[in-house]
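Survey of secondary and tertiary structure
Residue strings, one per chain:
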Amino acid sequence: MAEQVLEVEGLSVDIPVTGGMLHPVQEVSLTVARGETLAIVGESGCGKSLTSLSLMGLLPSRAERRARRLSLLGEELAGKSERAMSDIRGNRMSMIFQEPMTSLNPAYTIGDQLAEPLERHTRLSRREVRERAVEMLERVGITAAASRLGQYPHQLSGGLRQRVMIAMALICNPDLLIADEPTTALDVTIQAQILHLMAELQREFHAGMILITHDLGVVARVADRVAVMYAGQIVETGTAAQIYGAPSHPYTRGLLSCIPIPGRSRPGEHLGAIPGVVPSLIGRMEGCHFADRCALVEPRCRKGDIALRDGSGSGHRYRCVLDPETPATQEAPA
Amino acid sequence: MSETVLEARGVRRSFSVSGGFMKPRRALHAVRGVDFTIRRGEVVGLVGESGCGKSTLAKLLLGLMPPSEGEILLEGAPISGQDRLETARRIQPIFQDPYSSLNPRKSIGTIIGLPLRVQTDLGGAEIARRVTETMDLVGLPARVVDSYPNQLSGGQRQRVAIARALINRPSIIICDEPTSALDVSVQSQILNLLQDLQREFGLTYLLISHDLSVVEHMASRVAVMYLGRIVEERPTAGLFAEARHPYARALLDSVLTPDPSLGIPDTHLGAAFPNPLEIPAGCSFHPRCPKAMPRCCTVAPDPLRIGDGMVECLLHAPDQHDEPEEETTR
Ligand SMILES: Nc1ncnc2c1ncn2[C@@H]1O[C@H](COP(=O)(O)OP(=O)(O)O)[C@@H](O)[C@H]1O
Ligand SMILES: Nc1ncnc2c1ncn2[C@@H]1O[C@H](COP(=O)(O)OP(=O)(O)O)[C@@H](O)[C@H]1O
Ligand SMILES: [Mg+2]
Ligand SMILES: [Mg+2]
């Protein structure tokens, strides 16, 4: 078995907000091995981004994070000072965001920004730093790399900016890469190119990767394992084959039924739907978080904490009291 | 064949944009000669990557900006000569972001009823009745009539935009990325609604999207746009079975269906980023085209009718001599 890069057990985040206490991440447990891609998927507002920010130690200061275990290559991160964490960030674990402009500084050149983590975390000379920056830009498929070093982020197209951010995230050869909606803002052809690149680099650097997305098409093509997140909780987890082949939580089945698939749906046929919206995560919820939107809801769904139970095979687990054979009135994909 | 509702004839639109510090202004060619018809009762899809001119074409069709050249005809008559309100009654938009297209200070009822107030002389009671009826039709609960846009979810706001577009029975609705800002669970609700309304009232839609699976699900015909021109136009089934234009094929190949047994497709596209300020000579797609031939760099292809479709590509021109291999496997 490959070495576990990240092991998380019972991760929770609370944020005081007007109106009460927000519980965006509730008892989340996950692991990522070297060379493995774990996808976290769910609708917007389910807590995916706050999960990733809490792993990176980048939560807003008023937020409280708890975890029974949060370790990077066996080293516990939970008690680390902000200073120690900032040494780890960009070095041993790094993050790619949806909007490159949130992590690229518009006032600095591409070269400055690529050099920054190297100057901080390595003892390379200025010439070596420059060489490494050019090499990394070439690695992410940027042409005329040396001439890009003097350019500013706004002078690049969206696809190029995303490549620069990937170069920045990988320049220190991190053990763990967290990518939050890395291709959501990009055109489909560029998305395919960027996903290719990320998979290739991950193999080359032998890193673990957490890919956060709401796009089940991307997840299917990229993920080894999948965690479906709903209203702060992981509601189903397993290998990609288990999640797509035997989706067991009604939320997972609902999400899959909503996707138009070329050649699959007949003209005029309805897509599946999940009525309602993701609930506010303020205050504690009783029972299954999905109950209000679930077509199969029963009285017992609304009581107590619903635990994860074993699904179709090893490692497949889902958080639902009903049996997966219960026919959904919402149409599941054929 | 049913009658033409909307037609673009040789439509072009350029913008004058800053050339940079101390440099002269330059022409940005957003739409470069589009011929296009939409027939009554049809759902036509328009796809292409961002910046290729889809929204500009939509605004030209809506009469929201004049073309630099060419003509838009609505039910046979040029819209340039028509009364602005009359055009607005017959052709209605639904935009991507209902938040920015709905007035935040107006109530939902007022927003939906506005077209009736400005385009008709109906009385207040009749307008209120039609608002209630339309809200019901698009699945908006009656109680939100006095709410404001910020009190609704994204999906509900898009229903408001649909109700507003629908209330005065337009001849055609132009939907510009109507679900791109929504979660897939909400997208499916909106697509189902648009489809039900289309069938019930025989509506005509132009559906603009960068998502090919959405277009495949909804449209009977699809036009593929690249750098301001339509490069292929076909009935949906034919296009998805076998795209003729290499760009259309790359777009189709990039659709990530939720099948974990498949990997990430290789589009074989060059990385050159299309720039409407510097449109390549010859075929504008040639710098990225995996099948480009020497003459593609100099000869601009003409639109070519094949069967019930159109393609603009030298690979398909009957007089071409470079002999590419026809239709390699996907
Ligand atoms: N800094 C913050 N302060 C307060 N609430 C937040 C903050 N960031 C996110 N939230 C809220 O937490 C919930 C989960 O957000 P997020 O993790 O961004 O979801 P996702 O990434 O799945 O869309 C949402 O309801 C969101 O509004
Ligand atoms: N009002 C405008 N002024 C200058 N340039 C514009 C204007 N509107 C659009 N453009 C440019 O025209 C091109 C086409 O834009 P658009 O029609 O919005 O494309 P799409 O909807 O396909 O993404 C882009 O390069 C865009 O920057
Ligand atoms: Mg997010
Ligand atoms: Mg647009």
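Data block above holds the structure.
Residues numbered from 1 in each chain as written. Chains lettered and ligands numbered in written order. Predicted model: local features only at pLDDT ≥ 70, side-chain atom pairs only at ≥ 80, totals over all residues. Heavy atoms only, no water.

**A short note on the interface of chain A and chain B**
- Listed as interface residues are 42 residues of chain A and, on the opposing side, 39 residues of chain B.
- Each partner contributes to the roughly 3,500 Å² buried at the junction of chain A and chain B, and carbon and sulfur atoms together form 61% of this total.
- Counting the surface chain A buries against chain B, the share from its top three residues, Thr189(A), Arg221(A) and Pro262(A), is 21%.
- Our count for the chain A to chain B interface comes out at zero salt bridges.
- The interface formed by chain A and chain B contains 14 residue pairs in polar contact (both at pLDDT 80 or more).
- Those elements that provide at least two residues to the side of chain A that touches chain B are α8 (188-205), α9 (216-222), α10 (240-245) and α11 (250-258) of chain A.
- Of all the elements, α8(A) adds the most residues to the side of chain A that touches chain B, at nine residues.
- Residue composition of the side of chain A that touches chain B, grouped by class: 23 nonpolar, 14 polar and five charged. (Contact = heavy atoms within 4.5 Å. Buried area = accessible area lost by both parts, 1.4 Å probe. Salt bridge = Lys/Arg side-chain N within 4 Å of Asp/Glu carboxyl O. Polar contact = N/O pair within 3.5 Å; in protein donor to acceptor, adjacent residues only side chain to side chain. Helix = DSSP H or I, 4+ residues; strand = E, 2+ residues; numbered from the N terminus. Nonpolar A, V, L, I, M, F, W, Y, C, P; charged D, E, K, R; others polar.)

**Focus: the site of ligand 1**
Residue and element names in this part refer to chain A.
- In the vicinity of ligand 1, the residues found are Val17, Leu22, Glu43, Ser44, Gly45, Cys46, Gly47, Lys48, Ser49, Leu50, Pro60 and Arg62.
- Within the backbone of Gly45, a nitrogen or oxygen atom sits 2.7 Å from an oxygen atom of ligand 1.
- Within the side chain of Arg62, a nitrogen or oxygen atom sits 3.1 Å from a nitrogen atom of ligand 1.
- In the complex, the protein chains occlude 66% of the 560 Å² of accessible area that ligand 1 would expose alone. (Near = heavy atom within 4 Å. Areas by Shrake-Rupley, 256 points an atom, 1.4 Å probe, with all protein chains shown as cover.)

**Focus: the pairing of strand β11 (residues 233-239) of chain A**
All names here are of chain A.
- Taken across its seven residues, β11 has six buried, putting it largely inside the fold.
- The turn joining strand β10 (residues 225-230) and β11, which pair antiparallel and follow one another in sequence, is formed by two residues; a positive phi near 45 degrees is taken by Ala231.
- With two bridges connecting them, β11 and strand β13 (residues 317-318) associate as antiparallel partners. Pairing of Glu236 across the sheet is with Tyr318, part of β13. (Buried < 20%, exposed > 50% of the residue type's maximum accessible area, 1.4 Å probe, protein only. Pairing = 2+ DSSP bridges.)

**Topic: the site of ligand 2**
Residues and elements named next belong to chain B.
- With respect to spatial proximity, 13 residues lie near ligand 2, and among them Gly51, Gly53, Lys54, Ser55 and Thr56 are the closest.
- Between ligand 2 and the protein, one listed contact pairs an oxygen atom with a backbone N or O atom of Lys54 at 2.9 Å.
- Residue Thr56 places a side-chain N or O atom 2.6 Å away from an oxygen atom belonging to ligand 2.
- Compared with its free state, where it exposes 560 Å², ligand 2 has 65% of that area covered by protein.
- Counting residues per element, the ones that place at least two in the shell around ligand 2 are β1 (4-17), β2 (26-39) and α1 (54-61).

**So, the sheet that holds strand β4 (residues 69-74) of chain B**
Residue and element names in this part refer to chain B.
- Strand order across the open sheet formed by four strands is β2-β1-β4-β5, with antiparallel pairing between neighbours. Each edge of the open sheet is held by one strand with a lone partner, namely β2 and β5 (77-78).
- Where β1 meets β4, five bridges bridge the pair, whose relative direction is antiparallel. Within β4, the position partnered with Leu6 by the bridge is Leu74.
- The sheet contacts of α1 involve β1, β2 and β4, and relative to β1 the element is tilted by about 120 degrees. (Axes fitted to C-alpha atoms, helices over the stretch in contact; angles between N-to-C directions.)

**Here we look at the side chain of Lys48(A)**
All names here are of chain A.
- With respect to the helices and strands, the residue Lys48 is situated in helix α1 (residues 48-56).
- Buried charge without a partner: Lys48 forms no salt bridge, and the closest opposite charge is Glu181, 4.5 Å away.
- In this view, Lys48 contacts Ile40, Val41, Gly42, Glu43, Glu181, Ile212, Thr213 and Met229; residues no more than four positions away in its chain are not counted. (Lys, Arg positive; Asp, Glu negative; His and termini not counted.)

**Considerations on the packing of helix α4 (residues 110-121) of chain A against helix α5 (residues 126-139) of chain A**
Residue and element names in this part refer to chain A.
- Look at α4 against α5: their axes get within 9 Å of each other, and the N-to-C directions meet at 115 degrees. In this view, α4 runs roughly perpendicular relative to α5, as classed from their interaxial angle. Considering only the axes of α4 and α5, their crossing is right-handed. Contact with α4, carried on its side by Ile110, Leu114, Ala115, Leu118 and Glu119, involves Val129, Arg132, Ala133 and Leu137 of α5 and no other residues of that element.
- Of the residues that constitute the contact of α4 with α5, the class distribution is seven nonpolar, no polar and two charged. (Parallel < 35°, antiparallel > 145°, perpendicular 65-115°, else oblique. Left-handed = near helix turned anticlockwise from the far one by under 90°.)

**Comments concerning the pattern of salt bridges**
Residues and elements named next belong to chain A.
- A full pass over the atoms with the stated rule returns 40 salt bridges over all chains.
- Arg92 is the salt-bridge partner of Glu75, the closest N and O atoms lying 3.1 Å from each other. Of this pair, Glu75 sits in strand β6 (residues 75-76) while Arg92 sits in the loop between α2 (82-88) and β7 (93-96); the two residues are 17 residues apart in sequence, bridging distant segments of the chain.
- By relative accessible area, Arg92 is classed as partly exposed at 22%.
- Across the salt bridge formed by Arg120 and Glu116, the nearest N and O atoms sit 3.6 Å from each other. Linking Arg120 with Glu116, this pair stays in helix α4, spanning four residues, or about one helical turn.
- Of the residues examined, Arg120 reaches a relative accessible area of 44% and is grouped as partly exposed.
- The class of Glu116 is partly exposed, set by a relative accessible area of 40%.
- Salt bridges sharing partners connect three or more residues here, namely Glu3, Arg34, Glu75, Lys80, Arg92 and Asp175.

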